[in-house]
Amino acid sequence: MTTAPWRDPALPAAARVDDLLSRMTLQEKTAQLYGVWVGAASDGDGVAPHQHDMTVDYDWPELITHGLGQLTRSFGTAPVDPALGAQALARAQRRIADAGRFGIPAVAHEECLAGFTAWQATAYPVPLAWGAAFDPPLVEEMARRIGGDLRAAGVHQGLAPVLDVVRDPRWGRVEETIGEDPYLTGTIGAAYVRGLESAGVIATLKHFAGYASSAGARNLAPVRAGIREFADVTLPPFEMALREGGARSVMAAYNETDGVPASADPALLTELLREQWGFTGTVVADYFGIGFLQTLHRVAGSPAQAAHAALAAGIDVELPTLKCYGEPLVEAVRAGEVPEELVDRAARRVLLQKCELGLLDEDWTPEPRSAHLDLDSPANRSVARRLAEKSVVLLDNPDGTLPLPPDARIAVVGPRAADALAMLGCYSFPSHVLTHHPEVPMGIEIPTVLEALRTELPDAKVTFAEGCGVLDPDPAGFEEAVARASEADVCLAVLGDRAGLFGRGTSGEGCDATDLRLPGVQADLLDALVSTGVPVVLVLLTGRPYALGRWQGRLAAVVQAFFPGEEGGPAVAGVLSGRVNPSGRLPVSVPRVPGGQPWTYLQPPLGLAGEVSNLDPTPLYPFGHGRSYTTFEWTDCTGGETLTEIGTDGSYDVSVTVRNTGDRDGAEVVQLYLHDPVASVTRPDVRLIGYQRVEMAAGEASRVTFRFSADLSSFTDRAGRRIVEPGVLELRLGISSAEVRHVARVRLTGPERVLGPDRLLRCETKVSRVGRPGTVGDGI
């Protein structure tokens with residue numbers, strides 16, 4: 001028997017795919033361009049709005065005779081035992097392969113934002129907590145474990161990470177982002193991509209691009225960002241995740257920018273992404289995003305026109321289920337309304353990716369390697385615990401109230417103290433899916449803060465009162481809460497968000513906030529507790545920052561955790577007891593006042609406080625802020641008052657020695673910011689260009705060196721070019737964006753340089769243990 005060229009693994013993938021495409025009918029090619037959401041409801045009672053009017057009826061046996069591009073969320077739609085789910089997925093893949101002429105299976109995709117979104121799978125901290133940890137290697141390790149679980153279950157593609165940069169913290173999906181800075185987002189996001197891809201799973205960057213810049217912080221609202229904000233804030237994390245992470249898929253965003261929907265924008269999805277950046281993978285639609293070109297954006301008059309616009313722009317795969325790329329597209333091609341070359345272009349990209357995954361090989365098999373599938377292994381939980389512990393931010397501890405004495409009388413109060421869901425973001429399986437299945441158990445162990453504290457401090461006398469609900473306006477529980485607090489040595493007020501979807505929570509997709517007040521009557525509960533005179537430690541479990549200026553100087557301590565996952569309770573309790581020395585840093589600013597000041601730290605001069613307005617947007621706690629139970633001394637910084645000259649194509653090393661001067665081990669996060677005093681367009685007053693987390697034993701010192709490249713000073717000029725401009729710059733070493741320890745001044749000399757897509761994106765770092773040889777970091 002002669003093997004067809006497309007089946008021959010010895011041939012180049014491109015030759016195999018060209019041979020296969022030459023044999024396929026139009027319907028077989030278009031079948032590779034859509035997914036099917038087998039378990040999705042079509043009666044309007046689904047996961048997402050518009051699901052009912054975006055789902056079409058189909059005959060499954062007839063449909064798969066032409067093949068199938070993707071299978072949507074076999075695990076993430078309803079609770080299913082992981083091992084049984086893997087077997088069911090394998091059977092579905094066999095049916096798909098057996099039904100078509102070519103025996104090609106589908107790509108199976110799942111959500112994996114904070115872990116594999118499946119029943120009984122590890123729920124890791126949300127991305128905002130990754131940003132707070134400032135620890136790319138640990139995020140990469142987490143993603144590698146997520147990828148391993150996905151592959152073991154038969155899943156090929158993960159819809160993560162989210163690389164949107166926070167522009168307004170009222171936006172509901174802030175919890176899904178890494179933070180308000182593009183460099184932090186890019187470096188952490190690239191680490192996640194490397195981890196997922198190293199496990200053989202296709203990472204999907206989302207949402208490309210501009211989604212988080214929506215007007216009024218409303219989900220799926222218009223974006224009115226200018227070209228420089230788009231180029232200098234929105235796009236860099238995607239470029240870094242592609243170049244340094246190796247992501248093989250990109251998801252087109254829902255939004256429109258200046259009147260052009262991303263899903264119909266060839267300048268974005270083809271000219272920039274492919275022609276300038278050299279991306280060769282697949283572009284997939286956000287769920288129902290192609291149909292939305294007709295129904296929500298109204299730039300298409302029919303499903304066929306929507307399909308034409310999306311294909312022409314560069315979207316290869318319609319997700320989550322067929323609507324526009326099915327029969328409407330086939331009929332439009334046959335009628336001469338859509339060039340078949342567009343179908344061929346997308347099908348080639350899809351099949352090339354299937355070839356990379358081994359799905360075109362004769363020895364392909366969908367059967368799981370093991371009948372047992374543990375998606376919440378001890379190794380997973382260990383990584384989840386370490387990341388949760390490193391992400392907890394101690395915002396304030398003015399009088400040393402924390403750590404708590406081991407035998408203290410502690411009143412634990414608040415709606416987030418005894419609820420396991422307080423640890424989880426909206427894309428965790430319990431918050432995302434189990435709310436529709438209240439009869440099904442959680443599937444994973446999630447200790448609450450209350451439970452974890454009692455375990456952490458067995459000799460303490462711990463009492464509890466809920467006080468109020470997250471959104472419940474009834475203050476009836478205040479009296480009991482105040483009574484418990486009055487009897488205690490210290491009161492822990494555990495407040496925050498409930499994650500949900502589309503208005504079913506206070507944080508999450510479609511759960512946008514009108515302002516940054518604590519939800520419900522939680523602020524009033526906190527006032528009542530403070531009025532007792534008992535020291536109050538505020539513990540926040542949230543998906544966004546909330547305004548805390550109302551309590552400035554009135555709280556004994558403030559601890560911030562951003563949905564820290566299934567091990568978040570013990571992590572928070574460890575910080576409160578002192579077992580864990582807090583080392584998290586803010587990936588988003590914490591505002592002083594709740595309304596009218598949607599603000600991030602990337603502000604040009606007119607965005608800062610000034611005499612021309614009575615409103616002061618200065619945050620209460622700045623980006624990068626975080627306290628510790630130990631102290632650090634910074635000395636011997638290079639530069640000082642000296643002005644060093646380098647070329648606009650040069651580099652300069654700036655170093656500082658950091659010593660742990662306290663009596664316990666701890667971690668400092670050394671941050672490097674750029675200040676550009678004079679430029680041809682307005683620039684942020686400061687912006688992060690480098691950072692290094694350094695863990696040191698008590699008394700230990702480290703020499704931290706950043707290699708500043710002139711490329712890192714580049715920005716988009718008035719003509720839309722990315723340039724390095726001659727002039728004086730300040731390199732500011734700080735413990736936050738607002739707390740500068742040392743400044744090195746550099747003059748860039750020589751001609752203005754225009755940079756291309758090969759520019760340097762990352763600030764290389766080196767850490768040398770003082771008195772002990774050895775280095776860690778990126779290396780120089």
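Data block above holds the structure.
The shown structure was predicted, so the numbers you read here are calculated from the model rather than taken from an experiment. (Residues numbered from 1 in each chain as written. Predicted model: local features only at pLDDT ≥ 70, side-chain atom pairs only at ≥ 80, totals over all residues. Heavy atoms only, no water.)

**Q** Please clarify how the overall build of the chain should be interpreted in this entry.
**A** Within the chain, the secondary structure is distributed over 20 helices and 28 strands. For the chain, the C-alpha radius of gyration of 26 Å lies close to 28 Å, the compact-globule estimate for 780 residues. Dimensions of the chain, computed from C-alpha atoms along their principal axes, come out at roughly 80 × 70 × 55 Å. Counting every position in the chain, which comprises 780 residues, the buried fraction comes to 62%. In the form shown here, the chain has an accessible surface area of approximately 27300 Å², with 49% of it arising from carbon and sulfur atoms. Side chains of the chain carry 70 positive and 99 negative charges; the gap between the two charge centres is 3 Å. (Helix = DSSP H or I, 4+ residues; strand = E, 2+ residues; numbered from the N terminus. Rg over C-alpha atoms; globule rule 2.2 N^0.38 Å. Buried < 20%, exposed > 50% of the residue type's maximum accessible area, 1.4 Å probe, protein only. Areas by Shrake-Rupley, 256 points an atom, 1.4 Å probe, with all protein chains shown as cover. Lys, Arg positive; Asp, Glu negative; His and termini not counted. Charge placed at Lys NZ, Arg CZ, Asp CG, Glu CD.)

**Q** Help me out: how do you make sense of unusual backbone geometry in this one?
**A** Excluding glycine, residues mostly have negative phi values, and the peptide bonds linking residues are mostly trans. Following Phe208, the chain continues to Ala209 via a peptide bond in cis, the omega torsion being 0°. As for its placement among the helices and strands, Ala209 is situated in the loop between β5 (202-208) and α8 (227-234). Of the consecutive residues Leu319 and Pro320, the connecting peptide bond is found in the cis state with omega at 5°. Relative to the assigned elements, Pro320 resides in the loop between α12 (303-313) and α13 (327-334). Of note in this structure, Leu220 is not a glycine but carries a positive phi near 60°. Tracing the backbone shows Leu220 in the loop between β5 and α8. Taking relative accessible area as the criterion, Leu220 reaches 27% and is therefore assigned partly exposed.

**Q** Just checking my understanding: could you explain the side chain of Arg683 for this structure?
**A** Position of Arg683 among the secondary structure elements: in the loop between β19 (666-675) and β20 (687-696). Under the relative-accessibility criterion, Arg683 is labelled buried at 12%. Setting aside anything within four residues of it in sequence, one finds Arg683 in contact with Asp232, Gln603, Pro604, Pro605, Asp676, Ser714 and Phe715. (Contact = heavy atoms within 4.5 Å.)

**Q** Would you explain the packing of α8 against helix α9 (residues 236-245) in this entry?
**A** To describe two helices that pack against each other, one gives the angle between their axes and the distance between the axes. Their axes nearest at 5 Å, the elements α8 and α9 cross at an angle of 40°. By the angle between their axes, α8 is oblique relative to α9. Listed contacts from α9 to Ala231, Asp232, Val233 and Thr234 of α8 are Pro236, Pro237 and Phe238. (Axes fitted to C-alpha atoms, helices over the stretch in contact; angles between N-to-C directions. Parallel < 35°, antiparallel > 145°, perpendicular 65-115°, else oblique.)

**Q** I keep staring at the sheet that holds strand β15 (residues 557-562) and nothing clicks. Help me out?
**A** On the basis of which strands lie adjacent, the open sheet formed by 6 strands has the order β10-β15-β14-β13-β11-β12 and mixed pairing. Of all the strands in the sheet, the pair left with one neighbour each is β10 (393-396) and β12 (461-465). Sheet twist, expressed as the mean angle between neighbouring strand axes with direction ignored, is 20°. Inspection of the sheet shows β10 paired to β15 by 3 bridges, in the antiparallel sense. Following the sheet pairing, Leu394 is matched in β15 by Val559. In the packing of helix α18 (residues 478-486) onto the sheet, the strands contacted are β11 (409-413), β12 and β13 (490-496), and the crossing angle to β12 comes to about 165°. (Pairing = 2+ DSSP bridges.)

**Q** Would you mind showing me how to read helix α4 (residues 82-99) here?
**A** Residues spaced three or four apart along an α-helix point in a common direction, a consequence of the helix completing one turn every 3.6 residues. Between its first and last C-alpha, α4 extends 26 Å over 18 residues, near the 26 Å set by a 1.5 Å rise per residue. All of the buried residues along α4 are Pro82, Ala83, Gly85, Ala86, Leu89, Ala90, Ala92, Gln93, Ile96 and Ala97. Here the buried face of α4 lies against α3 (60-63), β2 (70-72), β3 (107-110) and α6 (136-153). Capping the start of α4 is the job of one residue whose side-chain oxygen sits 3.1 Å from the backbone nitrogen of Ala83: Asp81. (Expected span 1.5 Å × (residues − 1). Polar contact = N/O pair within 3.5 Å; in protein donor to acceptor, adjacent residues only side chain to side chain.)

**Q** Would you mind showing me how to read the sheet that holds strand β9 (residues 282-285) here?
**A** Within a sheet, neighbouring strands are paired by backbone hydrogen bonds and run either parallel or antiparallel to one another. Pairing in this open sheet of 7 strands is parallel, and the strands run β1-β2-β3-β4-β5-β6-β9 from one edge to the other. The sheet is open, and its two borders are formed by β1 (35-36) and β9, each paired with just one other strand. Relative to β5, strand β4 (residues 157-158) runs parallel, the two sharing 2 bridges. Opposite Gln157, over in β5, you have Ile202 as the bridge partner.

**Q** When you look at the pairing of β3 in this model, what are you seeing that I'm missing?
**A** When a strand is regular, its side chains alternate between the sheet's two faces. Burial along β3 is two-sided: Val107 and His109 and Ala108 and Glu110, pointing in opposite directions, are all buried. By the bridge criterion, 3 bridges tie β2 to β3 in an arrangement that is parallel. Bridged to Leu71 within β3 is Ala108. In this sheet, β4 lies alongside β3 in parallel orientation, the contact comprising 2 bridges. Paired with Glu110 across the strands is Gly158, a residue of β4.

**Q** Can you walk me through helix α10 (residues 266-276) in this structure?
**A** All of the buried residues along α10 are Leu268, Leu269, Thr270, Leu272, Leu273 and Arg274. Two or three places before Ala267, at the start of α10, stands the capping residue Asp265, its side-chain oxygen 3.1 Å from that residue's backbone nitrogen. Positive phi shows up at Gly278, right after α10, with a value of about 80°.

**Q** Which parts of the structure should I look at to understand the nonpolar core?
**A** Looking at soluble globular proteins, one finds that nonpolar side chains tend to be buried together. By size, the foremost hydrophobic cluster in this structure holds 209 residues, and its most contacted members are Tyr192, Phe208, Tyr325, Leu548 and Leu731. Ranked by size, the runner-up nonpolar core spans 40 residues in total, among them Ala417, Ala422, Ile444 and Val580. (Core = buried A, V, L, I, M, F, W, Y, C linked by side-chain atoms within 4.5 Å.)

**Q** I would appreciate a short explanation of the packing of aromatic side chains in the present structure.
**A** Aromatic ring pairs are defined here through the distance separating the ring centres and the angle between the ring planes. For the structure on display, the rule yields 16 aromatic pairs. Summarising the aromatic geometry, the rings of Trp171 and Tyr211 are spaced 5.2 Å apart at their centres and angled 90° between planes, so their arrangement reads as edge-to-face. You can see Trp171 sitting in the loop between β4 and α7 (182-198) and its partner Tyr211 sitting in the loop between β5 and α8, a full 40 residues away along the chain. With a relative accessible area of 1%, Tyr211 lands in the buried category. Summarising the aromatic geometry, the rings of Phe208 and Trp277 are spaced 6.0 Å apart at their centres and angled 55° between planes, so their arrangement reads as tilted. One end of the pair, Phe208, is in strand β5; the other, Trp277, is in the loop between α10 and β9, with 69 residues separating them in the sequence. For Trp277, a relative accessible area of 18% puts it in the buried group. (Phe/Tyr/Trp six-rings, centres within 6.5 Å; stacked < 30°, edge-to-face > 60°.)

**Q** In this structure, what is going on with the side chain of Asp286? I would like to understand it.
**A** Within the element layout of this structure, Asp286 appears in the loop between β9 and α11 (289-295). One buried charged side chain, Asp286, makes no salt bridge at all; its nearest oppositely charged neighbour is Arg173, positioned 4.9 Å away. Polar contacts involving the side chain of Asp286 include one to the side chain of Tyr254, which spans 3.4 Å. Those residues in contact with Asp286, other than ones at most four positions away along the chain, are His207, Met251, Ala252, Tyr254 and Leu319. (Salt bridge = Lys/Arg side-chain N within 4 Å of Asp/Glu carboxyl O.)

**Q** How should the pattern of salt bridges be read in this particular structure?
**A** Counted according to the given criterion, the structure contains 50 salt bridges. Here Arg385 and Glu567 are joined by a salt bridge, their closest N and O atoms 2.6 Å apart. Separated by 182 residues along the polypeptide, Arg385 in helix α15 (residues 378-391) and Glu567 in the loop between β15 and α20 (568-577) bring together distant segments of the chain. Its relative accessible area of 26% is what places Arg385 among the partly exposed residues. Note on Glu567: relative accessible area 7%, which makes it buried. In this structure, Glu487 engages Arg484 in a salt bridge whose closest nitrogen and oxygen atoms are separated by 2.9 Å.

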